[in-house]
Amino acid sequence: MEVKTSLLDNMIGVGDMVLLEPLSEDSFLENLKNRFDHNEIYTYIGSVVISMNPYRSLPIYTPDKVEEYRNRNFYELSPHVYALADEAYRSLRDQDKDQCILITGESGAGKTEASKLVMSYVAAVCGKGQEVNKVKEQLLQSNPVLEAFGNAKTVRNDNSSRFGKYMDIEFDFKGDPLGGVVSNYLLEKSRVVKQPRGERNFHIFYQLLSGASDDTLKKLKLDRDFSKYNYLSLDSAAVSGLDDAANFRTVRNAMQIVGFMTDEVQSVLELVAAVLKLGNIEFKPESRCNGMDESRVKDKNDLKEMCELLGIEQAVLERAFSYRTVEAKMEKVSTTLNVSQAYYARDALAKNLYSRLFSWLVTRINESIRAGTKARHKVMGVLDIYGFEIFEDNSFEQFIINYCNEKLQQIFIELTLREEQEEYVREGIEWTNIEYFNNAVICDLIENNQNGILAMLDEECLRPGTVTDETFLDKLNTVCAEHQHFESRLSKNSKFLNDHSLPHTCFRIQHYAGKVLYRAEGFVDKNNDLLYRDLSQAMYKANHSLIKQLFPEGSPSKVNLKRPPTAGFQFKASVGTLMRNLQTKNPNYIRCVKPNDKKAAHIFTESLVRHQVHYLGLMENVRVRRAGYAFRQPYEPCLERYKMLCKKTWPHWRGPAREGVEVLMEDLQVPAEEFSYGRSKIFIRNPRTLFFLEERRRQCLQDLATLIQKIYRGWKCRSHFLLLKKSQIVVAAWYRRYAQQKKYQKIKSATTVVQSYTRGWQARKLLRELKYQKRCEEAVTTIAAYWHGTQARMELRRLKQDVRNKHAVTVIWAFWQGTKARRELRRLKEEARRKHAVAVIWAYWQGLKVRREYRKFFRANAGKKIYDFTIQRIMQKYFLGLKSNMPSMSPTDKNWPDRPYLFLDGVHTELRRIFHHWRCKKYRSQFTEEKKAVYEEKLEASELFKDKKALYPSSVSQPFKGDYLEISKNPKYQKLNSSVDEKVLLADVVNKINRANGKGSARLFLLTKKSVVLADHKTGQIKASVPLPELASVSVSSQTDGFFALKLKEGSASAVKGDFLLSSEHLIEIITKLHRIGAKAADREQLNLDISDEFLVQFKQDKVCVKFIQGSPKNGNSASCKRKNNRLLEVSVPTSP
Ligand SMILES: Nc1ncnc2c1ncn2[C@@H]1O[C@H](COP(=O)(O)OP(=O)(O)OP(=O)(O)O)[C@@H](O)[C@H]1O
Ligand SMILES: [Mg+2]
């Protein structure tokens, strides 16, 4: 592909007017025409782009073209709007300068097209990505929506913008679009109700009727036929080259992309339909009794349909068309409307409805495209405002539009002509002033706060009394008469008295772009822009979400008696804000020129173009540019940008920036006439010099990039190497550790094997020794057994010889028993040893297993430690368990916890024994002397009778009371008590058995330390008193009876009467006490106790045998005694159950 390297290459005419030679208006136009004829529609004046409308599509906006212009210097390629867009975008992205693209030119010159081209170029070259693409698409698609609602066909332009638009596109630091904000300026809303001849209403009306489906139209209660609607002019309903139906689809699609909800789109279309319906509402006069005419709606069908569409109560709206309520202070006055007032009200409502809908659309679009982040944005503003226009009939709208264009021309003059020339003077650059027309004076005529036309208009509108367009014109005629750009027939300036081209109802302004005749009619009304409050209230009441939003002032809660600001005032304020905004940004100009008035291709109407060149001040622009310098930059940024081109300034220049730049330019050998040094800036005359610097910089940057790359690569390789080295050291260290560990483990396992062999050998040796010892012991035992056998046999032989000697038998028996016991003992010992050995081997084996398992965790002596620890732990557990399970302290408690381990058997038994002894001791230590004596007696009773006499067990629980008769206390026995010297140890009632019949008679039985006394039971008279030494023995049976015989020593004094056979319930106690006294007395022998079921009793001379037999219970449970014969007394003891 051939790439042009300069705009001079293959150039038709001169691409940059600055290079035009000779420079004159003719040569300028000739150059433009020449280029236009060769389809070169763009021409530069320095950095300003002149764009000629080709009125046909040229193949210069293809994606290839976009690529061609992308990232190329401004003057590198032939002039194009893309070059300007690229320059602006790059300086925004790379130098962080906010930009604005100012597109000016008269209506139909191609401003809107140019703005779209700029936006599409920026969208094509900026960043990509899903999110970014969505933003771009939304920004671009906002255009068709706004154009459908805000553009219309005029005589000058088939797609004329009837509103001003300024769009700020916001970018992030990378240059990716984040979103945007659209500002709109005064929509020409009068077009909604009336269009000049040959013009159309806004596109959307025609698009809706042509493009909507039958179904949609039905829903909107519309008819496809344009002629049915009063608001649609018929003569130019169809525009050639404009496909309304297709455009409607595009608009709906665009609304969807921008983010309108389906119900929002529907609401918008309903409003559009409502405006059409509104236009069809007609009124008729109705006379009232007061002679006044009152308006009435003619055919209510359209009204009804409109009310249905918007959800308004028909009666409310109908009333609003017939009455007007005026609120003043606290009063409300209702007046009727006549037919023309009703029409006025209807049109005002239609205009307001549409213009508010348009403003809502802009707000809604802004909601969708607004940048999400609050971070600082870079901004590129694109201004596409309605162009300067002169119609046959110019009204308030044209006045406002042209005022806006004046302001734009002003800003152009400010920034390019005046500012530039002033800068040269300021910077001390040699300069010859160039004359140009400054339109500030016209701006002043319109906007001056004291006597400007807008101020006059506002004053009229706010003035009390009758105010008409005529009074307004009168005022202008007085105030502005002397102004050189104001012309009026009735002004005090008599110059125009005979000017018949100037009607009486009009005034003329000499704009920068030509004279425009304005008809004063409608100025006051349009400036007031009043909508009757009844109508806004009716709208607020609508059951339609969008309508309600559009008429907030209709809310009954908002009673605002203050007049809203006038349309002129609002516009002036918003234009002022716009201008201030533009001044903060770096301007880029596209000056659109219209080649002919016929909207036709290939026609170049010289006079028309000449006029535009003239009023746009293009010649002055070229002159200033030619005399001046193409580029300027403060010294610091200039040095910063190009310092790498010179060794002296790279990388740092220590001195002042200006000197650095001088050194730089000298070093680069830039010819002296190519630049000038200002006070704070360097001025470069020719763009070529700038390109030269830029090119050198680009090359230098490449070298620098190589250098940075080289150093970076070196650093990266070194870091990599150092990392490898470090890693290698770590790996080696780990490997060495691993090898040493392996070696150590090998040695350890070898040691363990040797150790286990040694231990095995030692164990076998020990086993051999133990076996030998066991054999020895067995041999000894065998020998001993034989020897004992021999001995026993000898003894047996000896004892056999002494047959009568029972003892011998016993000895042999004992020997044999001994042998048996020893054998048993041996067997048990053997068994125990075997068990022990098994336990030892088991323990060894367990130990070995544990050692093997835990060898890796413990050292060699761990086994022993484990064993000790285990034993210790077992013992500890055993003792602690025992402690918590101790039986009660009662000596009779037989409980004792189970032994947990066999090897604890001995200890367990021993502990039980010790514990029992200890608790007995404890128990005994609590005894008092008396209790001790009682227990001693009990103990003695046990020794005497336990297992010998069946009565004994029943006596164990009976306490030994001794004195059962309470002899000392009872007065009955006082005499008896006193006659006994000693202390009575026992006093009880006993039965004395009569030897004659065996019957018992009651006797008092007293026992003292020295004697036994028997006394009469009733009288207490002593019958017998036997000193204890004279008692020989006591006989009792082995059965449960209470019989006992006190046997007296033969020859003693008491023996004369014979022995006593007695029976008592406290037999055990009596005998025990008797025996005890005998045991304690030193002078006597022990009393003999004879327990036998048959014994002899000496009754005086006779010896009678007392025999105890078991008998069935007869008289209760007591034993009964019977005399059988002279020698036998039989005691029948009932068998215990
Ligand atoms: N670069 C172009 N290539 C092809 N046709 C163009 C170009 N510029 C403008 N036109 C044609 O000229 C017509 C009018 O252009 P445009 O709408 O941009 O004018 P304008 O300056 O915005 O006018 P107004 O001030 O009325 O809005 C366009 O509809 C289009 O047909
Ligand atoms: Mg336009």
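The structure displayed is predicted, hence computed values, not measured ones.

Caption draft 1: Geometry of the overall build of the chain. Within the chain, the secondary structure is distributed over 33 helices and 31 strands. Since a compact globule built from 1137 residues should have a radius of gyration of about 32 Å, the 71 Å found for the chain marks it as more spread out than a globular shape. C-alpha extents for the chain along the principal axes are approximately 205 × 100 × 60 Å. Within the chain, buried positions represent 45% of all 1137 residues. Here the contacts in the chain between residues at least 6 apart in sequence split such that 63% fall between residues at least 24 apart.

Caption draft 2: Molecular detail of the packing of aromatic side chains. Evaluation of the coordinates by the stated rule reveals 44 aromatic pairs. Where Phe36 meets Phe604, the ring centres are 5.8 Å apart and the plane angle is 45 degrees; that geometry is what we call tilted. Remark: Phe604 occurs in the loop between strand 16 (586–593) and helix 22 (606–616) and Phe36 occurs in helix 1 (residues 25–37); sequence separation between them is 568 residues. Ring centres of Phe412 and Tyr589 lie 4.7 Å apart, and the angle between their planes is 85 degrees; this geometry places the pair in the edge-to-face category. Here Phe412, found in helix 14 (residues 396–427), pairs with Tyr589, found in strand 16; they are 177 residues apart in sequence, far enough to count as distant. On the basis of relative accessible area, Phe412 is assigned to the buried category, the value being 1%. Under the relative-accessibility criterion, Tyr589 is labelled buried at 5%.

Caption draft 3: The sheet that holds strand 29 (residues 1102–1111), seen in detail. Strand order across the open sheet formed by four strands is 28-29-31-30, with mixed pairing between neighbours. Sheet topology places strand 28 (1094–1099) and strand 30 (1120–1125) at the edges, where each strand pairs with a single neighbour. The mean angle between the axes of side-by-side strands here comes to 30 degrees, regardless of whether they run parallel or antiparallel. In this sheet, strand 31 (residues 1128–1134) lies alongside strand 29 in parallel orientation, the contact comprising seven bridges.

Caption draft 4: Structural detail: the coordination of the magnesium ion (ligand 2). Here the magnesium ion (ligand 2) is held by Thr112 (OG1) and Ser161 (OG), and the distances to it run 1.9 to 2.1 Å. Separated by 49 residues along the polypeptide, Thr112 in helix 4 (residues 111–125) and Ser161 in strand 5 (residues 160–161) bring together distant segments of the chain. With relative accessibility at 7%, the residue Ser161 sits in the buried group.

Caption draft 5: Just empty space enclosed by the protein, in detail. Counted according to the given criterion, the structure contains four cavities of 30 Å³ or more. Estimated volume of the largest cavity: approximately 70 Å³. Along its surface, the largest cavity is lined by Met119, Val122, Ala123, Cys126, Lys136, Leu139, Leu140, Ile169, Phe171 and Pro177. For the lining of the largest cavity, the secondary structure elements donating two or more residues are helix 4, helix 5 (130–150) and strand 6 (164–171). Across the lining of the largest cavity, the residue classes break down as nine nonpolar, no polar and one charged.

Caption draft 6: Just the environment of Asn970, in detail. Mapped onto the elements, Asn970 comes out in the loop between helix 31 (952–956) and helix 32 (974–979). Its relative accessible area of 27% is what places Asn970 among the partly exposed residues. In this structure, the C-alpha to C-alpha distance between Asn970 and Leu645, residues 325 residues apart in sequence, is 149 Å.

Caption draft 7: A look at the sheet that holds strand 18 (residues 675–677). An order of 17-19-18 is seen for the three strands of this open sheet, with the pairing classed as antiparallel. Of all strands in the sheet, those bounded by a partner on one side alone are strand 17 (631–634) and strand 18. Taking each pair of neighbouring strands and ignoring which way they run, the sheet shows an average axis angle of 15 degrees. Where strand 18 and strand 19 (residues 681–684) come together, three bridges link them in antiparallel fashion. Residue pairing in the sheet places Tyr677 in a bridge with Ile682 of strand 19. Sheet strands touched by helix 14: strand 17 and strand 19. Its angle to strand 19, the strand with the most contacts, is close to 125 degrees. Contacting strand 18 and strand 19, helix 25 (residues 657–667) runs over the sheet at an angle of about 155 degrees to strand 18.

Caption draft 8: Local environment of the nonpolar core. Phe28, Phe149, Phe205 and Leu317 are the most contacted members of the largest nonpolar core, which totals 187 residues. Setting aside its immediate chain neighbours within four residues, Phe205 contacts Val192, Leu232, Val272, Val275, Leu276 and Tyr354. Core analysis: the next-biggest nonpolar cluster, separate from the first, contains 30 residues, Ala941, Leu944, Phe1005 and Leu1074 among them.

Caption draft 9: Structural context of the site of ligand 1. In the vicinity of ligand 1 lie 19 residues, with Ser107, Lys111, Thr112, Ser160 and Ser161 positioned nearest. Separating an oxygen atom of ligand 1 from a side-chain N or O atom of Asn53 is a distance of 2.8 Å. Ala109 has a polar backbone atom sitting 3.3 Å from an oxygen atom of ligand 1. Protein chains bury 87% of the 620 Å² of accessible surface belonging to ligand 1 in isolation. At the level of elements, helix 4 and strand 5 are the ones that each hand at least two residues to the shell around ligand 1. The element best represented in the shell around ligand 1 is helix 4, accounting for three residues. Tallied by class, the residues present in the shell around ligand 1 amount to five nonpolar, 10 polar and four charged.

Caption draft 10: View of helix 21 (residues 567–583). Given a rise of 1.5 Å per residue, 17 residues ought to cover 24 Å, and the 24 Å separating the end C-alpha atoms of helix 21 matches this to within 8%. By the burial criterion, the buried members of helix 21 are Ala567, Gly568, Phe571, Val575, Gly576, Leu578, Met579 and Leu582. Considered in projection along helix 21, the buried side chains sweep an arc of 165 degrees and stay on one side of the axis.

Caption draft 11: Looking closely at the environment of Leu1014. Looking at where Leu1014 falls in the secondary structure, it is placed in strand 22 (residues 1011–1016). Separated by 11 residues in sequence, Leu1014 and Ser1025 place their C-alpha atoms 6.2 Å apart. Contacts of Leu1014, omitting those with residues within four sequence positions, involve Val990, Arg1003, Leu1004, Phe1005, Gln1021, Ile1022, Lys1023, Ala1024, Phe1060 and Leu1062.

Caption draft 12: View of the state of the cysteines. Evaluation of the coordinates by the stated rule reveals zero disulfides. Cysteine Cys443 remains unbridged, with the sulfur of Cys404 as its closest cysteine sulfur at 10 Å. The exposure class of Cys443 is buried, given its relative accessible area of 2%. Free cysteine Cys646: the closest other cysteine sulfur is in Cys700, separated by 10 Å.

Caption draft 13: Molecular detail of a nonpolar patch on the surface. On the surface, a nonpolar cluster with roughly 350 Å² of combined accessible area is contributed by Val838, Trp842 and Trp845. With respect to the helices, strands and loops of the structure, Val838 is situated in helix 27 (residues 806–854).

Caption draft 14: Main features of the side chain of Asn159. Relative to the elements of secondary structure, Asn159 occurs in the loop between strand 4 (151–152) and strand 5. Polar contacts involving the side chain of Asn159 include one to the side chain of Glu147, which spans 3.2 Å. The residues contacting Asn159, other than those within four sequence positions of it, are Glu147, Asn151, Ala152 and His203.

Caption draft 15: A look at the pairing of strand 14 (residues 506–511). Along strand 14, five of the six residues are buried, which leaves the element largely enclosed by surrounding structure. By the bridge criterion, six bridges tie strand 14 to strand 15 (residues 514–519) in an arrangement that is antiparallel. Its bridge partner being in strand 15, His511 is matched across the sheet by Gly514. Adjacent in sequence and paired antiparallel, strand 14 and strand 15 are bridged by two residues.

Caption draft 16: How the structure looks around the pattern of salt bridges. Under the counting rule described, the total for this entry stands at 65 salt bridges. In this structure, Asp214 and Arg224 form a salt bridge, with 2.6 Å as the shortest nitrogen-oxygen distance. Pair noted here: Asp214 is in helix 8 (residues 214–219) and Arg224 is in the loop between helix 8 and helix 9 (244–258), with a separation of 10 residues, a long-range link. Judged by its relative accessible area of 59%, Asp214 is exposed. Note that Lys221 is salt-bridged to Glu308, the shortest N-O span being 3.3 Å.

Caption draft 17: Layout of the pairing of strand 6. When you tally the buried positions in strand 6, you get eight out of eight residues, the bulk of the element. Pairing of strand 6 with strand 7 (residues 177–185), which is carried by eight bridges, proceeds in the antiparallel orientation. The partner of Glu170 across the bridge, within strand 7, is Gly179. In the sheet, strand 6 pairs with strand 12 (residues 378–384) via seven bridges, with the strands oriented antiparallel. Looking across to strand 12, one finds that Asp168 is bridged to Gly381.

The rules behind the values
- Residues numbered from 1 in each chain as written.
- Chains lettered and ligands numbered in written order.
- Predicted model: local features only at pLDDT ≥ 70, side-chain atom pairs only at ≥ 80, totals over all residues.
- Heavy atoms only, no water.
- Helix = DSSP H or I, 4+ residues; strand = E, 2+ residues; numbered from the N terminus.
- Rg over C-alpha atoms; globule rule 2.2 N^0.38 Å.
- Buried < 20%, exposed > 50% of the residue type's maximum accessible area, 1.4 Å probe, protein only.
- Contact = heavy atoms within 4.5 Å.
- Phe/Tyr/Trp six-rings, centres within 6.5 Å; stacked < 30°, edge-to-face > 60°.
- Pairing = 2+ DSSP bridges.
- Axes fitted to C-alpha atoms, helices over the stretch in contact; angles between N-to-C directions.
- Donors = N, O, S within 2.8 Å, 3.2 Å for Na, K, Ca; no water.
- 1 Å grid on protein atoms, 1.4 Å probe; cavity = no way out; pocket = protein on both sides within 12 Å on 5 of 7 lines; lining within 4 Å.
- Points joined across faces, edges and corners; volume = space filled by probe spheres on them.
- Nonpolar A, V, L, I, M, F, W, Y, C, P; charged D, E, K, R; others polar.
- Core = buried A, V, L, I, M, F, W, Y, C linked by side-chain atoms within 4.5 Å.
- Near = heavy atom within 4 Å.
- Polar contact = N/O pair within 3.5 Å; in protein donor to acceptor, adjacent residues only side chain to side chain.
- Areas by Shrake-Rupley, 256 points an atom, 1.4 Å probe, with all protein chains shown as cover.
- Expected span 1.5 Å × (residues − 1).
- Arc of directions from axis to C-beta.
- Disulfide = S-S within 2.5 Å.
- Patch = residues over 30% accessible without salt bridge, like charges linked within 9 Å, V, L, I, M, F, W, Y side chains within 5 Å.
- Salt bridge = Lys/Arg side-chain N within 4 Å of Asp/Glu carboxyl O.

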